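For reference, the chains in residue letters:
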Amino acid sequence: MGQIMSIQPLTKDDIWSEEFAATRDFLARFGIAPREVSQYVEEDVLRAIRHKGWEPNIEREGDPPGWKAEIQEWRTVSQSRSAIARDRNRMMALLRALRIALTWSTAEEDYQAFDDETHALLGISATEFLERLESNDLPLDDPRVVHLVVARPLGW
């Protein structure tokens, strides 16, 4: 699915900024206290990311020299999303990718938004929409139905 890339230079002081508040809060839930970037233990951060059900990967890059961190979430066998960040510092690349991934909506939030949209467009619930779609009981030439078919959350 889509990739979000971040390539802005980031200093070690930025981890203490408001922009990284959600990242610090997430790590704190796993007993990882805020600290200087060089003092984070990579395996602890990776363990927290994996606990969320996400797959982290860090690779060295040569041009420009540095690190590429990717965090991937699979919603189905064929549908995923990735947060990708690059930095000269390995841990900073990972923390930047985590910051991006933490902005993702949950499956429950996706369902609620889709349910709200089906109610607004067709006056039925998301569950009823999916049942009627599967039983071919919806007019596929209706632009509202087409929109909802395309707008379905990952995995539906």
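So, a few notes on the structure that sits alongside this text.

Parameters and conventions
- Within any chain, residue numbers begin from 1 and follow the written order of that chain's sequence.
- Owing to the predicted nature of the model, reporting of local features is limited to residues with pLDDT of at least 70; listing and counting of side-chain atom pairs is limited to 80 or more, with chain, interface and lining totals taken over all residues.
- For the side-chain quantities, the full set of heavy atoms in the structure was used; hydrogens and water were omitted.
- For salt bridges, the criterion is a side-chain nitrogen of Lys or Arg within 4 Å of an Asp or Glu carboxyl oxygen.
- Remark: exposure states derive from per-residue accessible area (1.4 Å probe, protein chains only) relative to the maximum for the residue type, with buried under 20%, exposed over 50%, and partly exposed in between.
- Axis lines are fitted to C-alpha atoms, over the contacting stretch for helices. Their N-to-C directions set the angle, which ranges from 0 to 180 degrees.
- Segments assigned H or I by DSSP are reported as helices when at least four residues long, segments assigned E as strands when at least two residues long, and all are numbered from the N terminus.
- Roughly parallel here means an angle under 35 degrees, roughly antiparallel means over 145, roughly perpendicular means 65 to 115, and every remaining angle is called oblique.
- Note on definitions: a residue-residue contact is assigned when non-hydrogen atoms from the two residues lie within 4.5 Å.
- Amino acids outside the nonpolar list (Ala, Val, Leu, Ile, Met, Phe, Trp, Tyr, Cys, Pro) and the charged list (Asp, Glu, Lys, Arg) are all regarded as polar, and Gly is one of them.
- Two strands qualify as a pair provided that DSSP identifies no fewer than 2 bridges between them.
- Here is the rule: rings of Phe, Tyr and Trp (six-membered ring for Trp) pair when centre to centre is within 6.5 Å. Planes less than 30 degrees apart are stacked, more than 60 are edge-to-face, and the remainder are tilted.
- We count a charge as sitting over a ring when the NZ of a lysine or the CZ of an arginine lies within 6 Å of the ring centre and within 35 degrees of the ring normal.

Some remarks on the pattern of salt bridges
Link 1 in the chain: For the structure on display, the rule yields twelve salt bridges.
Link 2 in the chain: With a closest N to O distance of 2.6 Å, glutamate 73 and arginine 81 form a salt bridge.
Link 3 in the chain: Among the residues examined, glutamate 73 registers a relative accessible area of 13% and is labelled buried.
Link 4 in the chain: Put simply, Glu73, Arg75, Arg81 and Asp110 are held in one network by salt bridges that share partners.

Some thoughts on the packing of helix 4 (residues 107-122) against helix 6 (residues 143-151)
Link 1 in the chain: Interhelical geometry of helix 4 versus helix 6 gives an angle of 175° and a closest axis separation of 10 Å. On the basis of their axis angle, the class for helix 4 and helix 6 is roughly antiparallel. Residue-level contacts link Phe114, Glu117, Thr118, Leu121 and Leu122 of helix 4 to Arg144, Val145, His147, Leu148 and Ala151 of helix 6.
Link 2 in the chain: Of the residues that constitute the contact of helix 4 with helix 6, the class distribution is six nonpolar, two polar and two charged.

Some points on the pairing of strand 2 (residues 55-62)
Link 1 in the chain: Bridge analysis of strand 2 against strand 3 (residues 65-74) gives eight bridges, and the strand direction is antiparallel. Within strand 3, the residue paired with arginine 60 across the bridge is tryptophan 67.
Link 2 in the chain: Connecting strand 2 to the next strand, strand 3, in antiparallel fashion are two residues.

Section: the packing of aromatic side chains
Link 1 in the chain: Summed over all chains, the structure comprises three aromatic pairs.
Link 2 in the chain: Relative to tryptophan 104, the ring of tryptophan 54 lies with its centre 5.2 Å away and its plane at 75°, an arrangement referred to as edge-to-face. Taken together, the residues tryptophan 54 in the loop between helix 2 (42-51) and strand 2 and tryptophan 104 in the loop between helix 3 (90-101) and helix 4 connect sequence positions 50 residues apart.
Link 3 in the chain: Owing to a relative accessible area of 5%, tryptophan 54 belongs among the buried residues under this scheme.
Link 4 in the chain: Look at phenylalanine 114 and phenylalanine 129: their rings are 5.7 Å apart centre to centre, the planes differ by 70°, and that puts the pair in the edge-to-face class. Linking phenylalanine 114 in helix 4 with phenylalanine 129 in helix 5 (residues 126-134), this pair joins segments that are 15 residues apart in sequence. In this pair, the class of phenylalanine 114 matches that of phenylalanine 129, namely buried.
Link 5 in the chain: One residue, arginine 35, lies across the ring of tyrosine 40, its end atom 5.5 Å from the ring centre.
Link 6 in the chain: Geometry around phenylalanine 20 places arginine 99 over its ring, the cationic atom sitting 5.3 Å from the centre.

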